[in-house]
Amino acid sequence: MNIKSLLIAPALMLGSLALQAHAEDEAQLIKRGEYLSRLGDCMACHSVAGKPDYAGGLAIESNLGTIYSTNITPDVEHGIGRYSEQQFSDAVRKGVLPDGSRLYPAMPYPDYAKISDADLHALYVYFMKGVQPSSAQPQKTDLSFPFSQRWGMRLWNWAFTDEKPFQPIGGASAEINRGAYIVESLGHCGSCHTPRGLGMNEKALDSSDAQFLAGGSLNHWDVPSLRGLPRWSTQEIVDYLQTGRNDQAAVGGEMKSVVEHSSSHMTDADLHAIAAYLKFLGGNPPLQAANVQKQQATEATLTAAKNLSEGERLYLDNCGACHFVTGKGAPGVFPALDQASIVNAQDPTGLIHTILVGAQQPFTAKAPSTLAMPGFGQRLSDDEVAKLATFIRQGWSNNAPAVTGDQVADVRKTLKP
């Protein structure tokens, strides 16, 4: 072997090792980016059943009209394949596309603004190299005037967004701050659980404001406060996010998709960090004291099954087999109705909707059984649903306003055939 060969061989070996190390680093980045995409719940909004992941097309109902999610696969014509990392960052954090046009805040960029540079880089690598490109062309969003004028989002962003990075909570533990980072940035929990202002903006974007996660309304469903969650233990919060159920409640509405596509894929450490942060928050909503005497009176009436009101009869005929005369349900299986937030909400839309169309718990790795509640819309009239809902909202310890047939009719009109 000549001297030249002796010099070239080690160089080739070093080059091969460097390429291998680069490939391993890239594979780790892709894996991390995939996990971060789950934290950000990207799958839920940018995917629809029967079509490629992240190809867009989900119809998102808003007060402005229907907004359709976009294709975020690396397809160079119909997706984000031509985006530079800076352009990707601007779209995610600022809602600004490469051509200067503006996204609507159905894309939660006011929250994503807090995503760290390292996490954003991992997300970019994943979407560019870990996602299969798709040429699918989702339906374009076409809102009525004046909401069709996207340039107006410049003013909205100036008034209601804040581009400063995540600010750790001074004096809080590393676990609490990890939970705060997930909730305030990628998790974008505030987009549903924080009250909205006149401009449909989140009234607060982090825990420095007591309005953050203080509850709100989504498509007329009351969204509960997450501040402190005094009725739930840390483990019950983890169970709910991981499986869609715990000993007190089960997911419904938009939260089903969040659990199915996002929180059920999180690590135990991240779920416990989220729970620790939520328990850490102040401004806990007041606990509704259990009215033992009222609980016992309702239970006794249902047990005797004599001289029942129509609402009580409808409950025994349609609900009692799963939720029982106690209204407590079965822990981890059928949710409790007594003191449930969806039952006691000021706006009964969520409860009415559930009675009409039913509910199904999500399939998750740790809870693969998809227990379902049937809908009763076909067998019960508007007046019957109103009487059933009124009984549930006023039985046991519950103390919520009565429901009218007109309210049920309004909800029924919104149901898809």
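Not measured: the values here are computed from a predicted model.

Chemist: Explain empty space enclosed by the protein to me, please; I cannot follow it from the model alone.
Modeler: A probe matching the size of a water molecule, rolled over the atoms, marks out where space remains unfilled. A full pass over the atoms with the stated rule returns three cavities of 30 Å³ or more. By volume, the largest cavity amounts to about 50 Å³. Every residue lining the largest cavity is listed: P105, P108, P110, W156, F160, R196, N201, E202 and L205. A per-class count over the lining of the largest cavity returns six nonpolar, one polar and two charged.

Chemist: I would appreciate a short explanation of the pairing of strand β1 (residues 59–62) in the present structure.
Modeler: Put simply, side chains in a regular strand alternate between the two faces of the sheet. Both β1 and strand β2 (residues 65–68) contribute to a ladder of four bridges, which runs antiparallel. Each bridged residue has a counterpart across the sheet, and for E61 the counterpart in β2 is T66. The antiparallel pairing of β1 with β2 creates a hairpin that spans two residues between the two strands.

Chemist: Sorry if this is basic, but what is going on with the environment of L123 here?
Modeler: Checked against the element boundaries, L123 lands in helix α5 (residues 117–129). On the accessibility criterion, L123 (4% relative accessible area) is buried. Distance from L123 to L314, taken between C-alpha atoms, is 51 Å for residues 191 residues apart in sequence.

Chemist: Explain the environment of A275 to me, please; I cannot follow it from the model alone.
Modeler: Note on placement: A275 falls in helix α11 (residues 268–280). Note: C-alpha distance between A275 and F334 (59 residues apart in sequence) is 22 Å. Setting aside residues up to four positions removed in sequence, A275 forms contacts with T234, I237 and V238.

Chemist: Whenever I open this one, the UniProt feature "domain: Cytochrome c" (unreviewed entry) in the chain confuses me. Can you help?
Modeler: Cross-referencing UniProt, the feature "domain: Cytochrome c" (unreviewed entry) maps to residues 28–131, 174–282 and 306–396 in the present numbering. The distance separating the terminal C-alpha atoms of residues 28–131 is 14 Å; by composition the span is 42% helix and 8% strand. Counting secondary structure, residues 306–396 comes out at 43% helix and 4% strand; the distance between its end C-alpha atoms is 17 Å.

Chemist: Looking at this structure, how should I read unusual backbone geometry?
Modeler: Comment: phi is negative for the bulk of residues other than glycine, and the bulk of peptide bonds are trans. If you check the backbone angles, M200 has positive phi at about 60 degrees while not being a glycine. In this structure, M200 sits in the loop between α8 (190–193) and β3 (216–218). The class of M200 is partly exposed, set by a relative accessible area of 31%. The phi dihedral of L229 is positive, around 40 degrees, even though this residue is not glycine. Topologically, L229 is positioned in the loop between β4 (221–223) and α9 (234–243).

Chemist: Which parts of the structure should I look at to understand the side chain of H46?
Modeler: Relative to the elements of secondary structure, H46 occurs in helix α2 (residues 42–46). The class of H46 is buried, set by a relative accessible area of 13%. A distance of 2.9 Å separates a polar side-chain atom of H46 from the backbone oxygen of T70. If we skip the residues at most four places from it in the chain, H46 touches Y54, A55, G56, S69, T70 and I72.

Chemist: Explanation requested: the packing of aromatic side chains in the structure shown.
Modeler: Aromatic ring pairs are reported here in terms of the distance separating the ring centres and the angle at which the planes meet. Counted according to the given criterion, the structure contains eleven aromatic pairs. Ring geometry for F166 against Y181: centres 5.5 Å apart, planes inclined by 75 degrees, an arrangement best described as edge-to-face. One end of the pair, F166, is in the loop between α6 (153–160) and α7 (174–184); the other, Y181, is in helix α7, and 15 residues separate them in sequence. By relative accessible area, Y181 is classed as buried at 8%.

Chemist: Looking at this structure, how should I read the confidence of the model for the chain?
Modeler: Low pLDDT marks regions whose predicted coordinates should not be analysed in detail. Summarising the model, the chain shows a mean pLDDT of 90, and 93% of its residues fall at 70 or more. Averaged pLDDT values for the elements of the chain fall to 73 in helix α1 (residues 3–39) and rise to 98 in α7.

Cut-offs used in this document
Residues numbered from 1 in each chain as written. Predicted model: local features only at pLDDT ≥ 70, side-chain atom pairs only at ≥ 80, totals over all residues. Heavy atoms only, no water. 1 Å grid on protein atoms, 1.4 Å probe; cavity = no way out; pocket = protein on both sides within 12 Å on 5 of 7 lines; lining within 4 Å. Points joined across faces, edges and corners; volume = space filled by probe spheres on them. Nonpolar A, V, L, I, M, F, W, Y, C, P; charged D, E, K, R; others polar. Pairing = 2+ DSSP bridges. Helix = DSSP H or I, 4+ residues; strand = E, 2+ residues; numbered from the N terminus. Buried < 20%, exposed > 50% of the residue type's maximum accessible area, 1.4 Å probe, protein only. Contact = heavy atoms within 4.5 Å. UniProt positions renumbered as here; feature names shortened; annotations may be inferred. Polar contact = N/O pair within 3.5 Å; in protein donor to acceptor, adjacent residues only side chain to side chain. Phe/Tyr/Trp six-rings, centres within 6.5 Å; stacked < 30°, edge-to-face > 60°. pLDDT = per-residue confidence, 0-100.

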